[in-house]
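This is what each chain is made of:
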Amino acid sequence: MGSSFGRLFRIATWGESHGGGLGVTIDGCPPGLPLSEADIQAELDRRRPGQSRLTTPRDEPDRCEILSGVFEGRTLGTPIAVLVRNEDARPAAYADFAKVYRPSHADFTYQAKYGHRTWMGGGRASARETIGRVAAGAVARKILAVDLPVEVLAWVDRVQDVEADVDLGAVTLEAIEATPVRCPDAQVAARMIERIEKARKDGDSLGGVVRCVARGVPPGLGDPVFDKLDADLAKALMSLPACKGVEVGSGFAGTYLSGATHNDPFYMEGERVRTRTNRSGGIQGGISNGEDIVVAAAFKPTATIGKPQETVDEDGNAVTLKAKGRHDPCVLPRAVPIVEAMVALVLCDHLLRQRAQRGPGGRP
Ligand SMILES: Cc1cc2nc3c(=O)[nH]c(=O)nc-3n(C[C@H](O)[C@H](O)[C@H](O)COP(=O)(O)O)c2cc1C
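Caption draft 1: Layout of the overall build of the protein. Counting secondary structure elements, the protein contains 9 helices and 18 strands. Taken along the three principal axes of its C-alpha coordinates, the protein extends 65 × 50 × 35 Å. Each of the 364 residues in the protein was classed as buried or not, and the buried ones make up 50%. Long-range pairs, those at least 24 residues apart, make up 71% of the contacts in the protein with a sequence separation of at least 6. Accessible area for the protein stands at about 16800 Å²; split by element, carbon and sulfur atoms hold 53% of it. One way to put it: in the protein the 46 positive side-chain charges average out to a point 2 Å from where the 47 negative ones average out.

Put into structure tokens, the structure is as follows:
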């Protein structure tokens, strides 16, 4: 059903914002892979709330426990269950508007679909659900790195209209992590931070774009026609809370060019077929071509704001809502590791699928 993702590297996430905890079950991880809680914790620490004033003050340590699938530090090839307990849940903050539909949140639609919902912190629609994705993404990254130089890096490329100038080939994790906004362009990062701080003080929120590059991906990943690599990446990213658009390569901007200026000319680099430009974003015909995979995800301004808003409650009464509870004035800095996780999950699934299809000796 809707909480599972992937074919050969298959994950199912579970848990709600204010329940006992959240996590993931990973089925299809090859046996023998060295894996510890520290491997997963490193990625969860980048996602966790309370990292800076730019993010929600909810103070969750998000400590993970591996419950199954690992023995003596290596995977067993059996399902891996990872649990993170909720520790800083404050349901009382939501009690006043238990029956009120928060504008542009998921309250009305969950009520319409299920007829019964937890009103505490958005329940399953909360970004806390992405804990399971990030934990599984950490495992996917380890599989990708076994004998390939795959590196998946995302960063905040734009906040509202404040846009970074980033060299896709040169961007590093260190530069991304150097500022709390996770933008590797230090000067622009400072302007982004100012803009987010101002929105927070005004009781408002901002959106923007996270861009992601995956380097070292071999040619041949992707399964036309319905499981094209770009189609699966788009689905993976669009399934994230607050994501409202995905671009691959030149994306919508490419439509302003003509074929003569948009095409990526081929050339030989030794034995390897390369392209001189990469407007295709490393994917042609739904299959990776060996160039960097480049995708971008648009995130809307956070739904929860401090200003009074017009809405209605479950009984149809008009209500003016003034949010309490804790929220991110801009979700983008925390979306960065989540975007990386989703890209890693898709690449890992397609790598395993390609190896399964090509058989022994046919590894890309
Ligand atoms: C990292 C991250 C943090 C988020 N934090 C908040 C938040 O604090 N407050 C909020 O209203 N929405 C937050 N969201 C988005 C909501 O979960 C989302 O907008 C809501 O479930 C409605 O879904 P939709 O925007 O995809 O339609 C966050 C999203 C992400 C990716």
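Here the narrative resumes.
Caption draft 2: Seen up close, the packing of aromatic side chains. Enumeration according to the criterion identifies 2 aromatic pairs in this entry. Their ring planes at 75° and their centres at 5.3 Å tell us that Tyr101 and Phe108 sit as a pair that is edge-to-face. Judged by centre distance (5.4 Å) and plane angle (55°), the ring pair of Tyr110 and Tyr114 falls under tilted. Here Tyr110 and its partner Tyr114 are both found in helix α3 (residues 107-114), 4 residues apart, which amounts to about one turn of the helix. Its relative accessible area of 26% is what places Tyr110 among the partly exposed residues. Over the ring of Tyr267 we find Arg276, and its NZ or CZ is 4.1 Å from the ring centre.

Caption draft 3: Highlighting the site of the ligand. Taken together, 16 residues are adjacent to the ligand, and His105, Ala242, Lys300, Thr304 and Asp328 come closest. For the ligand, an oxygen atom lies 3.1 Å from a polar atom in the side chain of Lys244. Within the side chain of Lys300, an N or O atom sits 2.7 Å from an oxygen atom of the ligand. Here the ligand has 640 Å² of accessible area as a free molecule, and 87% of this is covered by the chains.

Caption draft 4: Region of interest: the sheet that holds strand β3 (residues 21-27). One open sheet holds the 5 strands; their spatial order is β1-β2-β3-β7-β4, and the pairing between them is antiparallel. At either end of the open sheet lies a strand with only one pairing partner, and these are β1 (4-5) and β4 (64-68). Sheet topology note: the strand β2 (residues 10-15)/β3 ladder contains 6 bridges and is antiparallel. Each residue of the ladder has a partner; that of Thr13, found in β3, is Val24.

Caption draft 5: View of the sheet that holds strand β11 (residues 243-248). Strand order in the open sheet formed by 5 strands is β9-β8-β10-β16-β11, with antiparallel pairing between adjacent strands. In the strand order of this sheet, the two ends are held by β9 (162-163) and β11, each with one partner. Alignment of strand β8 (residues 151-159) against strand β10 (residues 208-215), held across 8 bridges, turns out to be antiparallel. Counted as the bridge partner of Trp155 is Arg211 from β10. On top of the sheet, helix α7 (residues 229-238) reaches β11 and β16 (293-299); it is set at about 155° to β11, its chief contact. Where helix α9 (residues 332-358) meets the sheet, it contacts β8, β10 and β16, and its direction lies at approximately 145° from that of β8.

Caption draft 6: Molecular detail of unusual backbone geometry. A cis amide bond links Pro224 with the next residue in sequence, Val225, at an omega value of 5°. Examined against the element boundaries, Val225 turns out to sit in the loop between β10 and α7.

Caption draft 7: Structural context of the side chain of Arg334. When you line up the elements, Arg334 lands in helix α9. Apart from residues no more than four positions distant in its own chain, Arg334 is found in contact with Arg47, Arg48, Pro49, Gln51, Thr55, Thr56, Arg182 and Asp328.

Caption draft 8: Broad picture of the pattern of salt bridges. One pass over the full model with this rule turns up 28 salt bridges. Between Asp161 and Arg195 there is a salt bridge; the shortest N-O distance is 2.9 Å. With Asp161 in the loop between β8 and β9 and Arg195 in helix α6 (residues 186-201), the pair connects residues that are 34 residues apart, well separated along the chain. Asp161 sits in the exposed class, given a relative accessible area of 57%. Here Lys198 and Asp202 are joined by a salt bridge, their closest N and O atoms 2.7 Å apart. Here the salt bridges do not stand alone but share partners, grouping Glu43, Arg46, Arg141, Glu177, Arg182 and Glu340 into one network.

Caption draft 9: Spotlight on the nonpolar core. In terms of nonpolar packing, the biggest core is built from 83 residues, with Phe9, Phe299 and Val343 touching the most fellow members. Excluding residues within four positions of it along the chain, Phe299 makes contact with Gly207, Gly208, Val210, Leu240, Pro241, Ala242, Cys243, Val331, Leu332, Ala335 and Val339.

Criteria and thresholds
- Residues numbered from 1 in each chain as written.
- Predicted model: local features only at pLDDT ≥ 70, side-chain atom pairs only at ≥ 80, totals over all residues.
- Heavy atoms only, no water.
- Helix = DSSP H or I, 4+ residues; strand = E, 2+ residues; numbered from the N terminus.
- Buried < 20%, exposed > 50% of the residue type's maximum accessible area, 1.4 Å probe, protein only.
- Contact = heavy atoms within 4.5 Å.
- Areas by Shrake-Rupley, 256 points an atom, 1.4 Å probe, with all protein chains shown as cover.
- Lys, Arg positive; Asp, Glu negative; His and termini not counted.
- Charge placed at Lys NZ, Arg CZ, Asp CG, Glu CD.
- Phe/Tyr/Trp six-rings, centres within 6.5 Å; stacked < 30°, edge-to-face > 60°.
- Lys NZ or Arg CZ within 6 Å of the ring centre and 35° of its normal.
- Near = heavy atom within 4 Å.
- Polar contact = N/O pair within 3.5 Å; in protein donor to acceptor, adjacent residues only side chain to side chain.
- Pairing = 2+ DSSP bridges.
- Axes fitted to C-alpha atoms, helices over the stretch in contact; angles between N-to-C directions.
- Salt bridge = Lys/Arg side-chain N within 4 Å of Asp/Glu carboxyl O.
- Core = buried A, V, L, I, M, F, W, Y, C linked by side-chain atoms within 4.5 Å.

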